[in-house]
Amino acid sequence: GQQVMQIPQYQHVQEGEDFTTYCNSSTTLSNIQWYKQRPGGHPVFLIQLVKSGEVKKQKRLTFQFGEAKKNSSLHITATQTTDVGTYFCAPYSSASKIIFGSGTRLSIRP
Amino acid sequence: SQTIHQWPATLVQPVGSPLSLECTVEGTSNPNLYWYRQAAGRGLQLLFYSVGIGQISSEVPQNLSASRPQDRQFILSSKKLLLSDSGFYLCACGQGDYEQYFGPGTRLTVT
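Colleague: Quick rundown of the overall build of chain A? Include the residues and the values.
Modeller: The helix and strand inventory of chain A stands at 0 helices and 10 strands. Listing every helix and strand of chain A by position from the N terminus yields β-β-β-β-β-β-β-β-β-β. For 110 residues, the compact-globule formula gives about 13 Å, and the C-alpha radius of gyration of chain A, at 13 Å, lands near that figure. Over its C-alpha atoms, taken along the principal directions, chain A stretches across nearly 40 × 25 × 20 Å. When each of the 110 residues of chain A is scored for burial, the buried share is 46%. The contacts of chain A with a sequence gap of at least 6 include a subset with a gap of at least 24, amounting to 52%. Surface accessibility of chain A: about 5,300 Å² in total, with carbon and sulfur atoms responsible for 51%. The centroid of the 12 positive side-chain charges in chain A is displaced by 9 Å from the centroid of its 6 negative side-chain charges.

Colleague: Help me get a handle on the side chain of Asn32 of chain B, residues and values and all.
Modeller: If you trace the backbone, Asn32 of chain B turns up in strand β4 (residues 32-38). The exposure class of Asn32 of chain B is buried, given its relative accessible area of 7%. Other than its neighbours up to four places away in sequence, Asn32 of chain B contacts Ser96 of chain A together with Ser50, Val51, Arg68, Ala92, Cys93, Gly94, Gln95 and Gly96 of chain B.

Colleague: Lay out the interface of chain A and chain B in plain terms, naming residues and giving numbers.
Modeller: Contact residues are listed per partner, giving 19 residues for chain A and 23 residues for chain B. Between chain A and chain B, roughly 1,600 Å² of surface is buried when both sides are summed, and carbon and sulfur atoms account for 53% of that area. Considering only the side of chain A, the residues that lose the most area to chain B are Ser96, Lys97 and Phe100 of chain A, jointly responsible for 28% of the buried surface there. Linking chain A with chain B are 1 salt bridge.

Colleague: Help me get a handle on the sheet that holds strand β1 (residues 3-7) of chain B, residues and values and all.
Modeller: Residues and elements named next belong to chain B. Ordered by their spatial adjacency, 4 strands build an open sheet running β1-β3-β8-β7, and the pairing between neighbours is antiparallel. Because the sheet does not close on itself, it has two edges, and the strands there are β1 and β7 (64-70). Averaged over all pairs of adjacent strands, the angle between strand axes in this sheet comes to 20°, irrespective of strand direction.

Thresholds, definitions, all that
Residues numbered from 1 in each chain as written. Chains lettered and ligands numbered in written order. Predicted model: local features only at pLDDT ≥ 70, side-chain atom pairs only at ≥ 80, totals over all residues. Heavy atoms only, no water. Helix = DSSP H or I, 4+ residues; strand = E, 2+ residues; numbered from the N terminus. Rg over C-alpha atoms; globule rule 2.2 N^0.38 Å. Buried < 20%, exposed > 50% of the residue type's maximum accessible area, 1.4 Å probe, protein only. Contact = heavy atoms within 4.5 Å. Areas by Shrake-Rupley, 256 points an atom, 1.4 Å probe, with all protein chains shown as cover. Lys, Arg positive; Asp, Glu negative; His and termini not counted. Charge placed at Lys NZ, Arg CZ, Asp CG, Glu CD. Buried area = accessible area lost by both parts, 1.4 Å probe. Salt bridge = Lys/Arg side-chain N within 4 Å of Asp/Glu carboxyl O. Pairing = 2+ DSSP bridges. Axes fitted to C-alpha atoms, helices over the stretch in contact; angles between N-to-C directions.

In structure tokens, the structure reads:
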């Protein structure tokens, strides 16, 4: 079945530093979603990317979909303590399913 | 927008005991419903999904089962729990390839 590799698994940054997580697939993706899960909480939808080379921004968050639609990234500029959590990429698979990546856990030193 | 209700929030059960987790959805009709399990510090594993009443697809062979007796009700069950069934169980709803909305989850510890 379709799988994605998400790296890094963990990232510990100083508050104010940037953060990037990458999601890579061996197959072409129809679309990809990103979710954030705060510690102890449930995943919350952030965004969906559909078009080749698409770039979307949400305040300090920038999401990209690769030209070949096989990879995606999430970049956070100037991290804040509220950014702490695990970020998951989740490509649409088939038959109404999405497959979650393994996630990148972000921790921040204040 | 959709609201997902799950209960209980936490549950401690002995090995070999039965399990029933319920998920109900408000604010939408004929949703796709999903059960995920998340081990501590790990990703989300899709267990079951349903595109309609009585329609259940199983993703991972195990001692769990799911049922959808009503359009907005999804139940996860087990006849005999194993230690490996411990985890964070999340119910979600969605439509097609659009975003999924998650419930607050049930943290299950099997002792």
